[in-house]
Number of protein chains: 2
Amino acid sequence: MEMKKKKIVVMGGGTGTFTVLSGLKKYPLDLSAIVAMADDGGSTGILRDELGVLPPGDVRQCLVALSSSDKLMRDLINYRFANGHFQGHSFGNILLSALEKVTGSFDQAVEKASDILRIHGKVIPATLDKVRLVAEFEDRKIIGEGKISESNLHGLKRIYLSPKARGNKKAIEAIGNADAIVIGPGNFYSSLIPNMLVFGIPQAVKKSKAIKIYVCNLMTRNGQTSDFTVKVFAEKIEKYLGCKLDYVIFNTKIPDSVLLKKYSLEGEKITAIDMGLDKKKFIGADLISRKLPKISNQDMLKRTLIRHNPDKLAKIILELI
Amino acid sequence: MEMKKKKIVVMGGGTGTFTVLSGLKKYPLDLSAIVAMADDGGSTGILRDELGVLPPGDVRQCLVALSSSDKLMRDLINYRFANGHFQGHSFGNILLSALEKVTGSFDQAVEKASDILRIHGKVIPATLDKVRLVAEFEDRKIIGEGKISESNLHGLKRIYLSPKARGNKKAIEAIGNADAIVIGPGNFYSSLIPNMLVFGIPQAVKKSKAIKIYVCNLMTRNGQTSDFTVKVFAEKIEKYLGCKLDYVIFNTKIPDSVLLKKYSLEGEKITAIDMGLDKKKFIGADLISRKLPKISNQDMLKRTLIRHNPDKLAKIILELI
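Everything quoted here is computed from the prediction, not taken from an experiment.

(A) Main features of the relation of the copies chain B and chain A. Screw-axis analysis of chain B against chain A gives a translation of 0.0 Å along the axis, an RMSD of 0.0 Å, and a rotation angle of 180°. Look at the turn and shift together and you get a two-fold axis relating the two. Minimal C-alpha distance to the rotation axis in chain B is attained by His-85 of chain B, lying at 2.8 Å. Counting the interface residues of chain B, we find that 100% of their copies in chain A are interface residues as well, pointing to one common contact surface.

Following this line, the structure appears as structure tokens:
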């Protein structure tokens, strides 16, 4: 008798989600990645502005994570042009944008790219609406995920998508059918929260019978998540979701001092662990990776030097579901 | 008992070669397309200049002609961006250039693209050297295939590649093993002759036991092939090859008067048929297409409105081999 594969939904976008997917894909699971669609920085931002397409960058990373194609194909997708008109653009972004133009829809573009890259699982945009992330303060607004991710958000009153985004039906369906939902790790305001600002997504999570797991960030970010402890991170996620998490996975191991010093120069500190956490809900473990990530150098931001080990993380998630 | 497939080498580049391949690929043949590598106009020229890659344009057209992928995939490869930094670039050209960067060689790039597009047969660059086409006159030179194809070549003394190009080993091998070699149709000085200027290619054709077939152009080009008759076209090809052709296929049917008038405005006339041609060598037939070509609009130059019918052409070639 064939065991029915467990349905896991991973929610986020960016390098953190790449890491979770890379770990989980080694197991016989039915994986779906729900990806935030507010990105407007770098190559993705230029493609949005010039071609009017939806943001390809985070989708590309998830496709590569789930791809069973050969190394050359994955290298091709991550390849960034170094010169000329194409400078800074990754080939995968250009592929997704061209596919969107040819098929007339980003949804079909992602499906075709999934075929080309022979992915195990599904990559699902959280919304197919064209939106910008807006951070609202008492006296001003910052518009655009790219700008917001570089800004000090002290005094943030509200963060929202403009115009209002409706959840992608496929994303809502995947959440509804999931056995487990894994949120994070990832840039808090630019990769995680934008998913939860899409109308229909937090509602579906709340309604879903899935086990809800949050993977807490290893580090805090100056001016964004300054001084967030594990508990604060989790509570903020619960607030945006509108429901309780079942598990919060957090790191207990202090990273290499040389790396920590590099981070501290930019005011980024290790996420502190609160006293007296409920051990049934808060699952602590050594989650630190000792290897550099297997993604292209250009995508490897400084802050990803201290990062989750995909295999350790996957193992703990598997024990919870 | 399985019949051994006949080995056919098609030599050229551009729309004419696309047409021959489209017709021949419906038959159980072992097809190889040898493609001129002097192109430096348009999207291809920009990619050469900015990225230092080999010219992808003609290779792309042959790959699409031989592809067994679905229509969406072929549309993707031919898709040209309409806006922004990417304006005018076809996606297939970007794919080949990115693959050349990732693999480190154009040869491997073409092989990988052949896999992706599931092509029947092989597409082989005539040379892997980076060359420019040079047209030499008494008192001046025109450098670059793009410029040469737009120029009046009256008084042309010599046409050559600079620096000297060595034949791609795979191309020379394919010619040596061929049962038949089909040259043309195609732009005379920018698609056909550049193949024959590569050291090793005409020598291999001369040495090969293959049946040598030339498909004569339907129309002459003002300032380039003005007043060329069928016999003149064939003799010029024989001069560049350094050997005799076995067959010359030419068109006997007068095209639509409206189209002819359009062409005549640019000094382009129907190729005249000489009196008393040897009927064993010169094979005349109605070769005109009544349908528009199935390639993207952007690639459809005005002069391809009067064009060969792929099926009629393939049928005659098959009768000769």
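Now that the structure is up, let's keep going.
(B) Focus on the interface of chain B and chain A. Facing the 26 residues of chain B at the interface are 26 residues of chain A. Taken together, the two surfaces of chain B and chain A that pack against each other cover about 2600 Å², and 80% of this comes from carbon and sulfur. Summed over the three residues of chain B that lose the most area to chain A, namely Glu-50, His-85 and Phe-86 of chain B, the buried surface amounts to 23% of that side. Inspection of the chain B/chain A interface yields two salt bridges. Lys-112 of chain B is paired through a salt bridge with Asp-70 of chain A; the nearest N and O atoms lie 2.7 Å apart. For the pair chain B and chain A, the interface holds four residue pairs in polar contact (both at pLDDT 80 or more). Of all the elements in the fold, those that place two or more residues in the side of chain B that touches chain A are α2 (42–51), α4 (71–78), α5 (91–103) and α6 (106–116) of chain B. With eight residues, the top contributor of residues to the side of chain B that touches chain A is α5 of chain B.

(C) The arrangement of empty space enclosed by the protein in detail. All told, the structure shown has two cavities of 30 Å³ or more when counted by the stated rule. Empty space within the largest cavity amounts to approximately 60 Å³. Lining the largest cavity are Met-73, Leu-76, Ile-77, Phe-91, Leu-95 and Ile-116 of chain A together with Met-73, Leu-76, Ile-77, Phe-91, Leu-95 and Ile-116 of chain B. For the lining of the largest cavity, the elements supplying multiple residues, two or more each, are α4 (71–78) and α5 (91–103) of chain A together with α4 and α5 of chain B. Taken together, the residues of the lining of the largest cavity break down into twelve nonpolar, no polar and no charged. When its volume is computed, the second largest cavity comes out at roughly 40 Å³. Taken together, Cys-216, Asn-217, Leu-218, Val-230, Phe-250, Asn-251 and Thr-271 of chain B make up the lining of the second largest cavity. Split by residue class, the lining of the second largest cavity holds four nonpolar, three polar and no charged.

(D) How the structure looks around the sheet that holds strand β8 (residues 211–215) of chain A. Residue and element names in this part refer to chain A. Strand order in the open sheet formed by seven strands is β3-β2-β1-β7-β8-β9-β10, with parallel pairing between adjacent strands. Only two strands of the sheet have a single neighbouring strand rather than two, namely β3 (122–125) and β10 (282–285). Ignoring strand direction, the axes of neighbouring strands in this sheet form an average angle of 20°. Here strand β1 (residues 6–12) pairs with strand β2 (residues 29–35) via seven bridges, running parallel. Paired with Val-9 across the strands is Ser-32, a residue of β2. Docked against the sheet, helix α9 (residues 188–196) engages β1, β2, β7 (180–183) and β8, running at close to 120° with respect to β1.

Cut-offs and rules
- Residues numbered from 1 in each chain as written.
- Chains lettered and ligands numbered in written order.
- Predicted model: local features only at pLDDT ≥ 70, side-chain atom pairs only at ≥ 80, totals over all residues.
- Heavy atoms only, no water.
- Least-squares fit on C-alpha atoms with pLDDT ≥ 70 in both.
- Contact = heavy atoms within 4.5 Å.
- Buried area = accessible area lost by both parts, 1.4 Å probe.
- Salt bridge = Lys/Arg side-chain N within 4 Å of Asp/Glu carboxyl O.
- Polar contact = N/O pair within 3.5 Å; in protein donor to acceptor, adjacent residues only side chain to side chain.
- Helix = DSSP H or I, 4+ residues; strand = E, 2+ residues; numbered from the N terminus.
- 1 Å grid on protein atoms, 1.4 Å probe; cavity = no way out; pocket = protein on both sides within 12 Å on 5 of 7 lines; lining within 4 Å.
- Points joined across faces, edges and corners; volume = space filled by probe spheres on them.
- Nonpolar A, V, L, I, M, F, W, Y, C, P; charged D, E, K, R; others polar.
- Pairing = 2+ DSSP bridges.
- Axes fitted to C-alpha atoms, helices over the stretch in contact; angles between N-to-C directions.

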